[in-house]
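Chain residues, written in single-letter form:
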Amino acid sequence: MLFSMSYVAINVLSVPEGAGATLEERFAARKGAVEGSPGFEHFELLRPVEGTTDYLVYTRWASEADFVAWRDGGRMAAGHAGQAGPPAASGSTLWAFEVVQSA
């Protein structure tokens, strides 16, 4: 069976203590901003439980090219536009993976 590998991008957001609620509100306010993008498959915002204040933004795409087109084509910037106040995250790191097994 031929398996089509999805592309997973995980943005690790460094969120200062006490800024988590602001970050969550901002994501909630732009709900649906990524869902209509070509190749988009899944989104999750993961809140830390213990040991870190970093949040994970998990997105899955049909291909790396679909992710790059969303990221570089202006749709990502449009989703972040109009946010009032200072940034809720002080930094970020992007992790990228290919899905090789899924259940």
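These lines cover the structure that appears in this document, whether it is placed above or below. (Residues numbered from 1 in each chain as written. Predicted model: local features only at pLDDT ≥ 70, side-chain atom pairs only at ≥ 80, totals over all residues. Heavy atoms only, no water.)

Thoughts on the overall build of the protein chain
Scanning the protein chain for helices and strands turns up 3 helices and 4 strands. Every one of the 103 residues in the protein chain was classed for burial, and the buried ones make up 26%. When contacts within the protein chain are restricted to residue pairs at least 6 apart in sequence, long-range pairs at least 24 apart make up 73% of them. Of the roughly 6,800 Å² that the protein chain leaves accessible, carbon and sulfur atoms contribute 56%. (Helix = DSSP H or I, 4+ residues; strand = E, 2+ residues; numbered from the N terminus. Buried < 20%, exposed > 50% of the residue type's maximum accessible area, 1.4 Å probe, protein only. Contact = heavy atoms within 4.5 Å. Areas by Shrake-Rupley, 256 points an atom, 1.4 Å probe, with all protein chains shown as cover.)

Brief notes about the sheet that holds strand 3 (residues 55-61)
Read across the open sheet, the 4 strands follow the order 2-3-1-4; overall the sheet is antiparallel. Each of the sheet's edge strands pairs with one partner strand only, and the pair in question is strand 2 (40-46) and strand 4 (91-98). The mean angle between the axes of side-by-side strands here comes to 15°, regardless of whether they run parallel or antiparallel. Sheet analysis places strand 2 next to strand 3, joined by 6 bridges and oriented antiparallel. In the sheet register, Leu-45 faces strand 3, and the bridge partner there is Val-57. (Pairing = 2+ DSSP bridges. Axes fitted to C-alpha atoms, helices over the stretch in contact; angles between N-to-C directions.)

Observations regarding the nonpolar core
Membership of the largest hydrophobic core is limited to 8 residues, which are Leu-13, Val-15, Ala-19, Leu-23, Phe-27, Tyr-55, Val-57 and Ala-88. Going through the elements one at a time, helix 1 (20-29) and strand 3 are the ones with two or more residues in this core. Phe-27 has contacts with Leu-13, Phe-43, Leu-45 and Val-57, leaving out every residue within four places of it along the chain. Within the second largest apolar cluster, 7 residues are counted, among which are Ala-9, Val-34, Phe-40 and Phe-67. (Core = buried A, V, L, I, M, F, W, Y, C linked by side-chain atoms within 4.5 Å.)

Re the pattern of salt bridges
Counted under the stated rule, the structure contains 3 salt bridges. Of the charged contacts in the structure, one is a salt bridge between Arg-47 and Glu-24, with a shortest N-O distance of 2.7 Å. Placement of Arg-47 in the loop between strand 2 and strand 3 and of Glu-24 in helix 1 is noted, with a sequence separation of 23 residues between them. By relative accessible area, Glu-24 is classed as partly exposed at 22%. (Salt bridge = Lys/Arg side-chain N within 4 Å of Asp/Glu carboxyl O.)

Describing the pairing of strand 1 (residues 7-14)
Among the 8 residues in strand 1, 6 count as buried, and that is most of the element. In this structure, strand 1 lies alongside strand 3, joined through 7 bridges in antiparallel fashion. Considered in strand 3, the bridge of Ile-10 is made with Tyr-58. Sheet topology note: the strand 1/strand 4 ladder contains 8 bridges and is antiparallel. Of the residues in strand 4, the one forming a bridge with Val-12 is Thr-93.

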